[in-house]
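# Coordinates in review
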Amino acid sequence: MAALDPDAPGARSTAPLDEEAVTMGARIRSLRGERGLTLVQLAALAGMSQPFLSLVERGHARLSLASMAKLSAALGVRSGSLLAEPPADRRTGEGVDVVHARAERRLPPSLDRAVWQLAQLPGGLFGTEMVGTEREFSEFAEHAEDEFLYLLDGGLEVGLTDGTVHTLHPGDSLAIAAGAAHGWRATGAEGYRVITVTSGVHSH
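Residues numbered from 1 in each chain as written. Predicted model: local features only at pLDDT ≥ 70, side-chain atom pairs only at ≥ 80, totals over all residues. Heavy atoms only, no water.

## Let's talk about the pattern of salt bridges
Just so we agree on the cut-off: Salt-bridge detection follows one rule: a side-chain nitrogen of Lys or Arg within 4 Å of a carboxyl oxygen of Asp or Glu. Each helix is a run of DSSP H or I of at least 4 residues and each strand a run of E of at least 2, with the numbering of both proceeding from the N terminus. Think of it in three bands: with a 1.4 Å probe and only protein chains considered, a residue is buried below 20% of the maximum accessible area for its type, exposed above 50%, and partly exposed in between.
Summed over the entire model, instances satisfying the criterion amount to seven salt bridges. For Arg90, the salt bridge is made with Asp97, and the minimal N-O distance between the two is 3.0 Å. For Arg193, the salt bridge is made with Glu129, and the minimal N-O distance between the two is 2.4 Å. Residue Arg193 is found in strand S10 (residues 192–199), and its partner Glu129 is found in strand S4 (residues 126–132); the two are separated by 64 residues along the sequence. Each of the two residues, Arg193 as well as Glu129, counts as buried. Here the salt bridges share partners, and the residues they tie into one network are Arg105, Glu129 and Arg193.

Given below as structure tokens:
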């Protein structure tokens, strides 16, 4: 059975979960290689087991949001850079980064969430576009960056650990301070489409 969380004991998988898991695993493996870290070293830095991290890198297991934040910190990148699909058409110059969408971004039928990288500045802004249909707060996660979000379409609720829930409609925006744990969920079957921008730590 595929592991969905690093705390799941003895979880194993015989095939990759889906394209998203394979893409994220390859991204983690590439970043680990760039930093000259072994699987054992990265697992220790992120506080997770080496067997589980191996499954993640091969797309056979999925990180929880909390574990994604820990792994991102260990690698020195934004959490969103692990989750988001890198752009296929990027033009980068001195002080400028431009990302062109080759086609309309759509949610694959097999997933309840998809994320794409938008333009970013090294060490500064990091933007993503996310679409999703999940209807429950699966978990509350925190990260080391301030986050701004702007809802484009659908309905979205942002929940905090004190029980507060903020309901957003198209055109609404919300900012969350670094370290404030929060979760997201769609308010209806149509899901949501949201732009997020984080700032505060180095991005890759």
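## What about the pairing of strand S5 (residues 146–154)?
Using the following cut-off: Whether two strands pair comes down to DSSP finding at least two bridges between them.
Direction of pairing for S5 relative to S10: antiparallel, over a ladder of eight bridges. Looking at S10, one finds that Gly154 is bridged to Tyr192. As paired strands, S5 and strand S8 (residues 173–176) are joined by four bridges and run antiparallel to one another. Directly across from Phe148, in S8, lies its bridge partner Ala175.

## Notes on the environment of Leu83
Here Leu83 shows up in helix H5 (residues 79–83). Among the residues examined, Leu83 registers a relative accessible area of 13% and is labelled buried.

## A closer look at the sheet that holds strand S7 (residues 165–168)
The test is simple: A fitted line through C-alpha atoms serves as each axis, taken over the contacting stretch for helices, and the angle formed by two N-to-C directions is quoted from 0 to 180°.
Across the sheet, which stays open at both edges, the three strands sit in the order S7-S6-S9 with antiparallel pairing between neighbours. The open sheet has two edge strands, S7 and strand S9 (182–186), and neither has a second partner. When the angles between neighbouring strand axes are averaged without regard to direction, this sheet yields 20°. Two elements, strand S6 (residues 156–160) and S9, share five bridges in a ladder whose sense is antiparallel. From the neighbouring strand, Leu156 faces S9, where its bridge partner is Ala186.

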